[in-house]
Amino acid sequence: MMESQPLQEPTATAPAAGEEQAGAPPAVVPGKEFTRTCKGLVVVLIGGYVLLQLLPSSLNYLAIIPSKTIPYVWTVFTAGYIEQVLPGAIGSSLGLLFCGKDIEPVWGRKEFLKFIILVNSICGILAFCFAIGLYYVTGKESFLVTPLSGFHGCLAGFLVALKQLLPNLELPMCFFWKIKAKWMPFFVVCFSSIMAFIVPDSINFLPTLVSGMYVSWLYLRYFQRNPLTGLKGDPSDDFSFPSLFPAAMRPVTDPVANLFDRMLCARSRPSEVALPVSDPTKASRRRERGERVLEERLAADHAVDTEAPAHGHGTAED
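Just so it is clear, the structure is predicted and the values come from calculations on it, not from any experiment.

About the criteria used
Residues numbered from 1 in each chain as written. Predicted model: local features only at pLDDT ≥ 70, side-chain atom pairs only at ≥ 80, totals over all residues. Heavy atoms only, no water. Helix = DSSP H or I, 4+ residues; strand = E, 2+ residues; numbered from the N terminus. Expected span 1.5 Å × (residues − 1). Buried < 20%, exposed > 50% of the residue type's maximum accessible area, 1.4 Å probe, protein only. Arc of directions from axis to C-beta. UniProt positions renumbered as here; feature names shortened; annotations may be inferred. Salt bridge = Lys/Arg side-chain N within 4 Å of Asp/Glu carboxyl O. Phe/Tyr/Trp six-rings, centres within 6.5 Å; stacked < 30°, edge-to-face > 60°. Contact = heavy atoms within 4.5 Å. Axes fitted to C-alpha atoms, helices over the stretch in contact; angles between N-to-C directions. Parallel < 35°, antiparallel > 145°, perpendicular 65-115°, else oblique. Left-handed = near helix turned anticlockwise from the far one by under 90°. Nonpolar A, V, L, I, M, F, W, Y, C, P; charged D, E, K, R; others polar. Polar contact = N/O pair within 3.5 Å; in protein donor to acceptor, adjacent residues only side chain to side chain.

S.K.: Kindly report on helix α9 (residues 184-198), identifying the contributing residues and their values.
M.R.: Residues three or four positions apart in an α-helix share a direction because the helix packs 3.6 residues into each turn. Taking 1.5 Å per residue, 15 residues should reach 21 Å; α9 reaches 21 Å between its end C-alpha atoms and fits that length. Along α9, the residues that are buried comprise Met184, Pro185, Val188, Ser192 and Ala196. One face of α9 carries all of its buried residues, which in axial projection span an arc of 105°. Among the exposed residues of α9, those pointing more than 90 degrees away from its buried face are Ile194, Phe197 and Ile198.

Following this line, the structure appears as structure tokens:
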């Protein structure tokens, strides 16, 4: 697995000599090449689309159809890799390539694949539950027979990961308009919500998008092993739940964030809760300095232990 790099914003300035000697790790920078893992997953997405064109009946066994999910339980795990239309297959492939080249080098292949499998699986379960709920609320049978599938839930999770790793990275939207990565999750939720009212069929995508962002934030915030501090999650203020929304919405988001902290922070080990930090770089330097001091003390104690027997043996000979 590739070396994990620190979660800090990219910078064009070279680190100072003192920082370099202190063991400050290099900054996270946008990736330059598409990774082999992402290329392999693109083959899976395109292959799934081609399979549906050759064998349309396979959709019943690969996508989530709420009325058939109970006998075909595996569909909640396979639906995330099945694109039903060509624009979806192309868009998901491009999103995977461009997001993956920035995320995988920092996390490593194993963690990257773990994230994709986790988000896609939970999004599938939540999409099924949401469809059943809409059926009982509205009474429309279309929610039970509409096939649900697509990689868009995981793409939404990638946007949350980019907010954590490269918050100031400018992502192109259309023509000359760009938006910073830290605002992309909120923008996508707003845009998808508006489209759900304009195009009623697009409401099927909204639960998966929201679930992908929500699940990925929970995992990255509370459960992923932070490669910088060695702690579970990312306790920094820049990745708190209110940071996903504009400051004007804090009266609503702050109570939700406090609820998350009370429910999930207590599950962390005491040693992990006792050392929350807001600056990962400073935490890394403090940890490295502490390790060096500990090694020096152990070396000094070892030297004293080896000198004592030698001194005693010399006294006996005299």
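S.K.: Can you lay out the UniProt feature "transmembrane region" (unreviewed entry) in the protein chain for me, pointing to particular residues and giving the numbers?
M.R.: Within this structure's numbering, the places UniProt gives as "transmembrane region" (unreviewed entry) are residues 41-64, 76-100, 112-137, 143-162 and 183-199. Strand forms 0% of residues 143-162 and helix 70%; the C-alpha atoms that close the span are 32 Å apart.

S.K.: So what's going on with the pattern of salt bridges? Which residues, and what values?
M.R.: A complete count under the given rule lists 1 salt bridge for this structure. Asp102 serves as the salt-bridge partner of Lys101, at 3.6 Å between the closest nitrogen and oxygen. Accessibility classification places Lys101 together with Asp102 in one group, the buried group.

S.K.: Summarise the packing of aromatic side chains; cite the residues concerned and give the values.
M.R.: Within the structure shown, the criterion is met by 15 aromatic pairs. For the pair Phe187 and Phe191, a centre-to-centre distance of 6.2 Å together with 15° between the ring planes defines the contact as stacked. Of this pair, Phe187 and Phe191 both sit in helix α9, 4 residues apart, which is roughly one turn of that helix. Looking at Phe191, the relative accessible area reads 48%, which means it is partly exposed. An aromatic cluster is present here, built from Tyr81, Trp107, Phe112, Phe115, Phe151, Phe158 and Tyr219 joined pairwise through their rings.

S.K.: An account of the environment of Leu155 is requested, with residue identities and associated values reported.
M.R.: Relative to the helices and strands, Leu155 resides in helix α8 (residues 152-165). Judged by relative accessible area, Leu155 falls into the buried class, the value being 18%. In sequence terms Leu155 and Ile116 are 39 residues apart; their C-alpha atoms lie 9.1 Å from each other. Apart from the residues lying within four places of it in its own chain, the contact partners of Leu155 are Gly91, Ser92, Gly95 and Leu96.

S.K.: Can you lay out the packing of α9 against helix α10 (residues 206-223) for me, pointing to particular residues and giving the numbers?
M.R.: Running from amino to carboxyl end, α9 crosses α10 at an angle of 165°, the nearest separation of the two axes being 10 Å. By the criterion of interaxial angle, the relationship of α9 to α10 is roughly antiparallel. Viewed along their axes, α9 and α10 form a crossing whose handedness is left-handed. Contact residues: α9 offers Pro185, Val188, Val189, Ser192, Ser193 and Ala196, while α10 offers Leu206, Leu209 and Met213. Residue composition of the contact of α9 with α10, grouped by class: 7 nonpolar, 2 polar and no charged.

S.K.: Tell me what's going on with the side chain of Ser149, and back it up with residues and numbers.
M.R.: Tracing the backbone shows Ser149 in the loop between α7 (142-145) and α8. We classify Ser149 as buried; its relative accessible area is 12%. A polar side-chain atom of Ser149 sits 3.0 Å from the main-chain carbonyl oxygen of Ile82. One polar contact links Ser149 to Gln84, side chain to side chain, over a distance of 2.9 Å. If we skip the residues at most four places from it in the chain, Ser149 touches Ala63, Ala79, Ile82 and Gln84.

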